[in-house]
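# Coordinate inspection notes
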Amino acid sequence: MDNYFTVQTNFFGENTAAGLVERFGSPLYVYNEAILRKRCREMAGLISYPNFKANYSIKANSNLEILKIARQEGLMADAMSPGEIHVLLAAGFRPEEIFYISNNVSEEEMRFAIDRGICVSIDSLSQLKQYGRLNPGGKVAVRFNPGVGAGHHEKVVTAGKKTKFGINLDLVSEVKRILREYNLKLVGVNQHIGSLFMEGSAYVESVKSILSTAEQFESLEFVDLGGGFGIPYHKQEGQARLDLKELDQKLTPLITQWTQKYGKNVLIKIEPGRYIVAECGVLLGTVHAVKQNYGITYVGTDLGFNVLARPVMYDSHHDIEVYKKDPSKKANEFMEVTVVGNICESGDIVARGRLLPAVEEGDILGIMDAGAYGYSMSSNYNNRLRPAEVLVREDGSVAVIRRRDTLEDLMRNFV
Ligand code: LLP
């Protein structure tokens, strides 16, 4: 367990974790540009069918600099809100490179995308009618629910019989009726079955399903298969990666056959979020207390669930590395600890019963694979300041890409 991940990937370049914290403060999100670019390229080339594009789903991490890099790597983007559209436009994405996957949105939000010429995906009949009223004669996409889902936790399974998402497959004729009523042109169909699969079979099944639904519409320009590609969060235990090559070998023949039948080389898209950014991010925090409460050793840090919500929200596992305050003091002993934050809730736990090299006050902890749904789900709960984000560039230099909140930021919206 010798800092496996960051050593193997030369994550911090010439810098040390402690040095970064000293320079930029704690807690701190650190991103590695080389890893980010590598993951972007893997997704951009996932499917060898030639008319293929990966849309980065920016809810995973919408830092402006990260968006600019994803764009340089040739990715297009998905947005979930006007706020995400706003940041994408600021990052240089053109409206035609953005896909707004809406869910239960107001007329104003829908109009926000329509006014900017951004394609909107609709996921209920009532919202399709709303779209028709707002933009009669326009182009639109529809999100279907293929009836199968997948994901690491029930909260992130986004298709199947128990979710709010998508239009049921048995409503195709209703969809067609509404399209006719408002003279809409259906240019795309999309789906997203859920987040984090490590084995592609449910995804492949869902692709078969969306393709057979797509067949029932004549004017399609694209079919969007969704995201959810998992990353190995248990690297310290040697967890294998998702086999991307195998996925391509299964998907490309399906798609090629389908496009031949459809009679048009329709654009095929995917919507990866986590896969693009999870592994390029490490969250650093500082140990402020070590104590025993009734037999449990607690490592008290500044990594509250305001900084990283995933463990509390989904019981998610993140590998943890320890960087000793005094690097000559290599920890030979291991101890079983519960790593907690500084928020006033007993559920504020980063990792429970974890075997870590002996930790003491002043040591730095690195929470691995924290680049996806880390900062983007952080908050000011307990009036804590959201951390800074820095980027270790390919040339080894370090740039602040978002400053830490200040106390003034907490007062900004009061009238
Ligand atoms: N497309 C749609 C329509 C989505 O709802 C999502 C994620 C994605 C694409 C990207 O999924 P990904 O490739 O990142 O798995 N906060 C949770 C994950 C929530 C995912 C929500 N939807 C977590 O931290 O695990």
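A quick note: this is a predicted structure, and the numbers were derived from the prediction, not measured.

Thresholds applied
Residues numbered from 1 in each chain as written. Predicted model: local features only at pLDDT ≥ 70, side-chain atom pairs only at ≥ 80, totals over all residues. Heavy atoms only, no water. Near = heavy atom within 4 Å. Polar contact = N/O pair within 3.5 Å; in protein donor to acceptor, adjacent residues only side chain to side chain. Nonpolar A, V, L, I, M, F, W, Y, C, P; charged D, E, K, R; others polar. Domains from an automatic or database assignment. Helix = DSSP H or I, 4+ residues; strand = E, 2+ residues; numbered from the N terminus. Buried < 20%, exposed > 50% of the residue type's maximum accessible area, 1.4 Å probe, protein only. Contact = heavy atoms within 4.5 Å. Salt bridge = Lys/Arg side-chain N within 4 Å of Asp/Glu carboxyl O.

Near the ligand you find 19 residues, and of these Ser195, Glu271, Arg274, Arg310 and Tyr373 are the closest. Between the ligand and Arg274, the relevant distance is 2.7 Å, taken from an oxygen atom to a main-chain nitrogen or oxygen of the residue. Within the side chain of Tyr314, one N or O atom sits 2.7 Å away from a nitrogen atom of the ligand. Partitioned by chemical class, the residues of the shell around the ligand number seven nonpolar, seven polar and five charged. Each of two domains, domain 1 (4-30 + 279-411) and domain 2 (47-271), supplies a minimum of three residues to the shell around the ligand.

With respect to the helices and strands, Asn168 occurs in strand E7 (residues 167-168). We classify Asn168 as partly exposed; its relative accessible area is 42%. Sequence spacing of Asn168 and Pro146 is 22 residues, and the spatial spacing of their C-alpha atoms is 7.2 Å. What Asn168 contacts, discounting residues up to four positions off in sequence, is Phe144 and Asn145.

For the rest of this paragraph, the subject is the domain arrangement of the chain. Parsing the chain into structural domains produces domain 1 (4-30 + 279-411) and domain 2 (47-271). Contacts between the two partners involve 23 residues from domain 1 and, on the opposite side, 18 residues from domain 2. Two residues, Arg393 and Glu65, come together in a salt bridge whose shortest N-O distance is 3.3 Å. Joining domain 1 to domain 2, the criterion identifies 14 residue pairs in polar contact (both at pLDDT 80 or more). Looking at the side of domain 1 that touches domain 2, the elements that each hand over two or more residues are helix H1 (4-8), helix H12 (310-314), strand E13 (320-323), strand E17 (388-392) and strand E18 (398-402). Here the element with the most residues in the side of domain 1 that touches domain 2 is H12; it accounts for three residues. Split into classes, the residues belonging to the side of domain 1 that touches domain 2 amount to nine nonpolar, six polar and eight charged.

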